[in-house]
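# Structural description and commentary
Each chain, letter by letter, is given below.
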Amino acid sequence: MEKELEDTLEAIYLKYVDNEDNIITVLQDIQNELGYVEKEAVEWFAKKTYTPVSKFYGVITFYSQFHLAPRGKNIVTVCCGTVCHVKGAPKVIAKLKEDLKLKGADHTTRDMLFTMENVNCVGACSIAPVVIVNDKVFGKQSGDKMVKNLKYYKEELRN
Ligand code: FES
């Protein structure tokens with residue numbers, strides 16, 4: 001483990017050493033510091049606190065806020081709830097994957113500029129299919145419309 005990472009983890013540990021039940025807060029701090037919950041960091045904490053690694057992963061997998069892999073600069077969230085599914089979400093996903101050159105199970109582009117995720121109903125079924133880019137909601141989308149919408153983000157990143 002790199003010294004810099006160990007120092008970061010040690011600082012988080014010292015903050016929570018008297019409050020061992022606070023796994024969620026520890027994981028939030030790790031994610032805030034590293035951008036995601038790195039496997040090495042979880043193992044370090046498990047060893048340091050004599051806590052089974054499985055206890056950490058139980059929390060990580062229960063809460064959708066935690067991410068086990070680095071994420072791109074822009075998060076493209078495609079709603080895959082029933083209404084969006086029926087109204088064409090699978091076609092939107094296929095087109096976006098093609099546009100972002102995401103292969104197989106990849107979620108993040110190689111240049112780390114985009115991460116594509118799926119969620120269940122985001123509560124905007126009247127404008128299905130719905131795609132959210134960062135905090136902006138795009139309703140009544142098709143694959144082509146979303147490819148055009150993403151152009152804005154791609155140009156933003158170039159400037
Ligand atoms: S199913 Fe997509 S917003 Fe409800």
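Preceding block: the structure.
This section reports on the structure supplied with the text.

Cut-offs and rules
- Residues numbered from 1 in each chain as written.
- Predicted model: local features only at pLDDT ≥ 70, side-chain atom pairs only at ≥ 80, totals over all residues.
- Heavy atoms only, no water.
- Helix = DSSP H or I, 4+ residues; strand = E, 2+ residues; numbered from the N terminus.
- Buried < 20%, exposed > 50% of the residue type's maximum accessible area, 1.4 Å probe, protein only.
- Pairing = 2+ DSSP bridges.
- Core = buried A, V, L, I, M, F, W, Y, C linked by side-chain atoms within 4.5 Å.
- Contact = heavy atoms within 4.5 Å.
- Phe/Tyr/Trp six-rings, centres within 6.5 Å; stacked < 30°, edge-to-face > 60°.
- Salt bridge = Lys/Arg side-chain N within 4 Å of Asp/Glu carboxyl O.

### Notes on the environment of Gly143
Examined against the element boundaries, Gly143 turns out to sit in helix H7 (residues 143–158). Exposure remark for Gly143: the relative accessible area of 11% places this residue in the buried category.

### Notes on the pairing of strand E1 (residues 74–79)
Two faces make up the sheet, and in a regular strand the side chains alternate between them. The buried count for E1 comes to six of six residues, which makes it a mostly enclosed element. What you see with E1 is no split at all: Asn74, Val76 and Val78 on one side and Ile75, Thr77 and Cys79 on the other are buried throughout. For E1 and strand E2 (residues 114–119), the ladder comprises six bridges, and the chain directions are parallel. From the neighbouring strand, Cys79 faces E2, where its bridge partner is Val119. As paired elements, E1 and strand E3 (residues 131–133) share three bridges and run antiparallel to each other. If you follow Val76 over to E3, its bridge partner there is Val133.

### Considerations on the nonpolar core
Val76, Leu96, Met116, Val133, Met146 and Leu150 are the most contacted members of the largest nonpolar core, which totals 22 residues. Elements with a contribution of two residues or more to this core: E1, helix H6 (89–100), E2, E3 and H7. Top contributing element to this core by residue count: H6, with five residues. Setting aside chain neighbours within four positions, we find Leu96 in contact with Val76, Val78, Met116, Met146, Val147 and Leu150. Formed by 19 residues, the second largest nonpolar core is a distinct cluster that contains Tyr16, Ile23, Ala41 and Trp44.

### Brief notes about the packing of aromatic side chains
Under the criterion given, the structure shown has seven aromatic pairs. Both rings, one in Phe45 and one in Phe56, keep their centres 6.5 Å apart while their planes meet at 50 degrees; by these two values the pair is tilted. Here Phe45, found in helix H3 (residues 39–48), pairs with Phe56, found in helix H4 (residues 53–62); they are eleven residues apart in sequence, far enough to count as distant. An identical accessibility class is assigned to Phe45 and Phe56; each is buried.

### Points about the pattern of salt bridges
Within the structure shown, the criterion is met by seven salt bridges. We note a salt bridge from Glu43 to Lys39, for which the minimum N-O separation is 3.7 Å. With Glu43 and Lys39 both in helix H3 and four residues apart, the pair spans about one turn of that helix. When its relative accessible area of 38% is taken as the criterion, Glu43 is described as partly exposed. Residues Lys154 and Asp99 are paired through a salt bridge, measuring 2.7 Å at the closest nitrogen-oxygen approach. One end of the pair, Lys154, is in helix H7; the other, Asp99, is in helix H6, with 55 residues separating them in the sequence. Residue Lys154 is classed as partly exposed on the basis of its relative accessible area of 23%.

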